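Spelled out, the chains give:
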Amino acid sequence: MTAIGQTAPAFELPDTAGQPHGLTGAPATVLVFTCNHCPYALAWHERMLGLARDYAERGVKVLAINANDAATHPRDSLEAMRERVEAGDLGDVPYRHDESQQVARDYDARTTPDVFILDADGRLRYRGALDADHGDPSLDAAWARAALDAILDGRDPETAETKPVGCSIKWRKG
Amino acid sequence: MPVDVELLFWDGCPSHPQARAELEAAMADLGLDPAQLVVTEVPTDDAASANGFVGSPTIRIDGVDVQPVDDPPALTCRVYRLRDGRFSPTPDPADVHDALARAFKDQPT
């Protein structure tokens, strides 16, 4: 598990077209472990897209990662991911498939959604939820935005860790 | 005959305390005793199949799902749509209230 301030694990994961991508070297990178089937992930989804849109001009990259076991949750299959991307549900956010679940394990991701924000040096600067309540869109990913603002301004986020809330990551059995 | 109100949940999904609180509030608002609520944990795939449990939480009033869906039994979090179209891990409290009110109204006097 990566502690706040430590260098986060590097990785390379394919997008829904099968093209591999690694971390970007952006001034800040937001990793969101998410999925298709979970109501918490869906409830926060528009806020994730809004954050990606609003911080794109400052060079921030937002990456969505689905690590769930499609054998037990077919709605989280690569094909289902592809359908959402083709339908425009992900906007400009790349949707990456962690089929082996290794990246989720390396980051100790627990829920969908679970958010990790890295700085330009790849150090983990925030981990947790986008904001305090999946049911209140007016919160607008406030916790993640505050962390991003601090990182981009060269400050430490006032709150570096919050409790991720959502469906458990669906690990493979056995 | 009293209205049968049942909440089925899987503990792997964190939504059931909110669903229970909103359900009990709706029951109390309609003059039903929240103590009559039957709460059933669904802990295994076999139990999900046996109960026709399509996700957590599931609320049944007189055996009828408050938002019926055609999904297979599964230990998963259930996706609801609120009346304003937003996704939610729990049903719209107004839908629960209305379903209870209908069942209550249909009771023989």
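Once that is clear, we can look at the overall build of chain B. Within chain B one finds 3 helices and 6 strands. N-terminal to C-terminal, the α/β element order of chain B is β-α-β-α-β-β-β-β-α. Relative to the globule expectation of 13 Å for 109 residues, the C-alpha radius of gyration of chain B, 13 Å, shows essentially globular dimensions. Along the three orthogonal principal directions, the C-alpha set of chain B runs to about 40 × 30 × 25 Å. A buried classification covers 33% of the 109 residues belonging to chain B. Taking all contacts inside chain B whose residues are at least 6 apart in sequence as the whole, residues at least 24 apart take part in 65%.

The number of helices and strands found in chain A is 4 helices and 9 strands. When the helices and strands of chain A are listed from N to C terminus, the series reads β-β-β-α-β-α-β-α-β-β-β-α-β. Against the 2.2 N^0.38 benchmark of 16 Å for 174 residues, chain A shows a C-alpha radius of gyration of 15 Å, consistent with a compact globule. Dimensions of chain A, computed from the C-alpha atoms along their principal axes, are close to 40 × 35 × 30 Å. Counting only residues that meet the buried cut, chain A has 45% of its 174 residues in that class. By sequence separation, contacts in chain A at least 24 residues apart represent 75% of the contacts at least 6 residues apart.

All names here are of chain A. Strand order in the open sheet made by the 5 strands is β5-β4-β3-β7-β8, with mixed pairing throughout. Two strands lie at the open edges of the sheet, namely β5 (95–97) and β8 (124–128), each paired on one side alone. Pairwise comparison of adjacent strand axes, ignoring direction, gives a mean angle of 20 degrees for this sheet. Examined bridge by bridge, strand β4 (residues 61–66) and β5 share 3 bridges and lie parallel to one another. Residue pairing across strands places Ala 64 opposite Tyr 95, the latter belonging to β5.

To continue, consider the nonpolar core. The biggest cluster of nonpolar side chains holds 62 residues, and the ones touching the most others in it are A:Val30, A:Val32, A:Val62, A:Ile65, A:Ile117 and A:Ala144. Among residues more than four places away in sequence, those in contact with A:Ile65 are A:Leu13, A:Leu31, A:Val32, A:Phe33, A:Arg96, A:Asp98 and A:Val103. In this structure, B:Val5, B:Ile61, B:Ala99 and B:Ala103 belong to the second largest nonpolar core, which totals 12 residues.

A few words now on the sheet that holds strand β2 (residues 38–41) of chain B. All names here are of chain B. Strand order in the open sheet formed by 4 strands is β2-β1-β3-β4, and the pairing between neighbours is mixed. With partners counted over all chains shown, the strands left at the sheet margins are β2 and β4 (64–65), one partner each. Where strand β3 (residues 58–61) lies against β4, 2 bridges are found, and the strand directions are antiparallel. Bridged to Arg 60 within β4 is Asp 65. In the packing of helix α1 (residues 16–29) onto the sheet, contacts are made with β1 (5–9), β2 and β3, and the angle to β1 comes to roughly 175 degrees.

Another point: the interface of chain A and chain B. Taken together, the contact between chain A and chain B spans 11 residues of the former and 12 residues of the latter. Of all the secondary-structure elements, those providing two or more residues to the side of chain A that touches chain B are α1 (39–56) and β9 (167–168) of chain A. Here the side of chain A that touches chain B gets 4 residues from one element, more than from any other, and that element is α1(A). Its residues assigned to classes, the side of chain A that touches chain B comprises 7 nonpolar, 4 polar and no charged.

All names here are of chain B. Close contact between α1 and helix α3 (residues 93–105) brings their axes to 9 Å; oriented N to C, the two are set at 40 degrees. The angle between the axes of α1 and α3 places the two elements in the oblique class. Judged by the twist between their axes, the crossing of α1 over α3 is right-handed. Contact with α1, carried on its side by Glu 22, Leu 23, Ala 26, Met 27 and Asp 29, involves Pro 93, Val 96, His 97 and Leu 100 of α3 and no other residues of that element. Of the residues belonging to the contact of α1 with α3, the class tally is 6 nonpolar, 1 polar and 2 charged.

The rules we used
Residues numbered from 1 in each chain as written. Chains lettered and ligands numbered in written order. Predicted model: local features only at pLDDT ≥ 70, side-chain atom pairs only at ≥ 80, totals over all residues. Helix = DSSP H or I, 4+ residues; strand = E, 2+ residues; numbered from the N terminus. Rg over C-alpha atoms; globule rule 2.2 N^0.38 Å. Buried ≥ 20, exposed ≤ 12 C-beta atoms within 10 Å, placed from the backbone. Contact = placed C-beta atoms within 7 Å. Pairing = 2+ DSSP bridges. Axes fitted to C-alpha atoms, helices over the stretch in contact; angles between N-to-C directions. Core = buried A, V, L, I, M, F, W, Y, C linked by C-beta atoms within 7 Å. Nonpolar A, V, L, I, M, F, W, Y, C, P; charged D, E, K, R; others polar. Parallel < 35°, antiparallel > 145°, perpendicular 65-115°, else oblique. Left-handed = near helix turned anticlockwise from the far one by under 90°.

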